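Listed below are the residues making up each chain.
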Amino acid sequence: MRLTVTHHKPKIRWHIIVFLTPAVLVYTSVMIFPLFNTLRLALYSQFEQQRVFVGLQNFQTLFGDPIWSEQFWNALGNNFWFFFIHMLVQNPIGIILAAILSHPRLRFAALYRSAIFIPTILSFVIVGFAWKLILSPIWGIAPSMLDAIGLKFLYAPWLGKEEYALTTLSLISVWQFVGIPMMLIYASLLAIPDEILEAAEIDGITGMSAFWKIKLPLILPSIGIISILTFVGNFNAFDLIYTAQGALAGPDFSTDILGTFLYRTFFGFQLQLGDPYMGSAIASAMFAIILIGVCIYLFGIQTRMRRYQL
Amino acid sequence: MIRKTLALALAGTALTSTVALAQDAELTIESWRNDDLTLWQEKIIPAFEAKHPGIKVTFAPTAPAEYNAVLNSKLDAGSAGDLITCRPFDASLALYDAGHLSNLGDMDAMSNFSDVAKSAWQTDDASATFCVPMASVIHGFIYNKDAFAELGLEVPKTEAEFFAALDKIKEDGSYIPMAMGTNDQWEAATMGYNNIGPNYWKGEEGRLALIKGEQKLTDPQWTAPYATLAKWGSYLGDGYEAQTYPDSQNIFTLGRAAIYPAGSWEIAGFNTQADFELGAFPPPVQNDGDTCYISDHTDIGIGMNAKSDNPEAARTFLTWVASPEFAAIMGNALPGFFPLSKEPVNLEDPLAKEFVSWRDKCESTIRSTYHILSRGTPNLENETWGASVAAIKGTSSPDELGAELQKGLASWYAPHQ
């Protein structure tokens, strides 16, 4: 008995290490190291061309100095609005589209699926530029289209007005990414076995009530995943705002989100010189916000979600 | 005999090696002037290469709004070009302080420039000059001469005449009175505030007093331009809030607008784009006979990357840039960029001539926010963009804007504390 135990013990499984090493090395060098280095950089500042350790002073400036904190809270508030629009518009529309697409008698389903998904693979630069042209008061087709149906009074230079610009950009982003929740929900709707739906049908649950009572509870985990992906994506967003409104996120910072605030601070803009240390402080704050959000989801929501064995 | 061949062979290798060395020198110019790409490629660089065979020059511009950020990253990473086109004042001073630009003060050719021209690229004590001054740009208004003739308008001299002309164009309705948008923000500050402002703060007098802390941004001469800008809003086209800088350029060159608040750098582009006659007038003064002030801004210099692999070739290029030959080529190849060399350059372009003629009639100054005042955070120049837009849109009153800017400046600039 004792002999067999000692016999098995010293065996090192080299193949595991060999197969894991490349991935661990690459991931550490391009993800983990830069992440921790950014967190470290946030604790430094520059005086007379010298890097000096200043502890939490950058964060004190970021949250304590009215000039910085006003910008930070503005960007954070805008970011929440950006996220709110996505949750309110993108995900419900994604679910509805998926539900329609999964209908067995829908014709040209594959065509619709591709058409709706295509914007997702477009570059932000193309999307930003195309929508800027569509909505342009001078060359755009939006004013003339509204004019054609007698609704010209509804038109406004949306991207140039403080009160509409952020919502407009959020909706452009929704247009671009609605394909992602649609595809994920569509996949999980297809995964629901027909037997369950047939059994429900025998019990008299069909049509809409089948969706609400059978399908929705079964796709709830997918909706959770989509929400968290949307959250992370939105709080890391930068590209669309930058291509459409520039680094100053105009008009009057009304479309400034954390990503553009970080860019402006880190790399500088026009006569404003870049400050990598304050930039890192903002990046660290963004990291903390996303981490808190993901933790709330993981521990607060996902563990309580009921899962059904299909 | 043997000795002779050996000597010949040696001379031969020496010759080939120098030729190889000379051919090796390739210079890359970093610039934000992507509009001038063809002019550099077709006129300026060939003229240099014809005189200096063996040095190959490449002009590699970046988009203007990204230039500073991209350049800083490239310099930090050590991948920037040999020659750096210099923004005036603090942006370049910071590059020099960080050791990215070489001191060019010892170059003989520097004596071709006046002290004012060099001041944009010197340390505060003028002990080091790190860029060769290339050109300045002058602000004013470009107008559609055909439209003015059609509507029977005179070129406005005073502000009252200016707004009367705008009213008349608006009333007629066939032209947008003024082509400018607020989407990109900088036009409002550069072609708006800093264009008309010098007439209010009396050019250098006000600018220097502001730097010394003797005047404040809340003083009437600094807030009044915002009140004037507030009147502009109703003369800009429909949806000007979302109109971008290229939109404005296109609207004007397509002949849809009558007046364009301009910088002289537009001349080359407008000459090729517009098929109507162009005229220009300086910013109108308040009362007829007042001294006029123009923004004649030292805008472009060129310096050397301290880590350049070809410092000799780079210096050769810079010496050539400082020569009257370059000034003549550039002044005429890029009408609207006025050479800063002491020796006057004969310009051919009528519109450029009109702009440069204001130097004799009016007092020159530079943009108020560029020298020293944009060193801190918040950055006065960038803040002025937002303030000018807010003034045009009418979202804030001139006094509120002055107070806001003053608060920002006083937060880091000692003479205002």
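Residues numbered from 1 in each chain as written. Chains lettered and ligands numbered in written order. Predicted model: local features only at pLDDT ≥ 70, side-chain atom pairs only at ≥ 80, totals over all residues. Heavy atoms only, no water.

Q: What's the story with the interface of chain A and chain B in this structure? I'm lost.
A: Many descriptions give the size of an interface as the accessible area lost when the pieces come together. Between chain A and chain B, the residue contacts involve 28 residues of the former and 37 residues of the latter. For the pairing of chain A and chain B, the buried interface totals around 2800 Å² over both sides, and the portion due to carbon and sulfur atoms is 57%. For the chain A face of the interface with chain B, the top three residues by lost area are Trp139, Gln270 and Leu271 of chain A, together amounting to 26%. Applying the counting rule to chain A against chain B returns two salt bridges. One can count six residue pairs in polar contact (both at pLDDT 80 or more) joining chain A with chain B. Among the secondary structure elements, those contributing two or more residues to the side of chain A that touches chain B are α4 (66–101), α12 (239–245), α13 (258–267), β3 (268–269) and β4 (272–273) of chain A. It is α12 of chain A that provides the largest number of residues to the side of chain A that touches chain B, a total of three residues. Of the residues in the side of chain A that touches chain B, the class split is 16 nonpolar, eight polar and four charged. (Contact = heavy atoms within 4.5 Å. Buried area = accessible area lost by both parts, 1.4 Å probe. Salt bridge = Lys/Arg side-chain N within 4 Å of Asp/Glu carboxyl O. Polar contact = N/O pair within 3.5 Å; in protein donor to acceptor, adjacent residues only side chain to side chain. Helix = DSSP H or I, 4+ residues; strand = E, 2+ residues; numbered from the N terminus. Nonpolar A, V, L, I, M, F, W, Y, C, P; charged D, E, K, R; others polar.)

Q: I'm lost on the state of the cysteines in this one. Help?
A: Two cysteines, two sulfur atoms, one covalent bond between them: this is a disulfide. All names here are of chain B. Enumeration according to the criterion identifies two disulfides over all chains in this entry. The disulfide partner of Cys86 is Cys131, and the gap between their sulfur atoms is 2.0 Å. For the disulfide bridge between Cys86 and Cys131, the dihedral angle about the S-S bond is near -80°, and by the sign convention the bridge is left-handed. One end of the pair, Cys86, is in strand β3 (residues 83–86); the other, Cys131, is in strand β4 (residues 131–144), and 45 residues separate them in sequence. Taken individually, Cys86 and Cys131 each receive the classification buried, so the pair is uniform in this respect. In this model, Cys292 is linked to Cys362 through a disulfide, with the two sulfur atoms separated by 2.0 Å. Between Cys292 and Cys362 the disulfide shows an S-S torsion of about -85°. By sign, it is left-handed. Here Cys362 lies in the loop between α16 (350–361) and β10 (363–365) and Cys292 lies in the loop between β7 (278–281) and β8 (293–304), a separation of 70 residues in the sequence. Taking relative accessible area as the criterion, Cys362 reaches 6% and is therefore assigned buried. Take the cysteines of chain B that form disulfides and number them in order along the sequence; they join up as 1-2, 3-4. (Disulfide = S-S within 2.5 Å. Buried < 20%, exposed > 50% of the residue type's maximum accessible area, 1.4 Å probe, protein only.)

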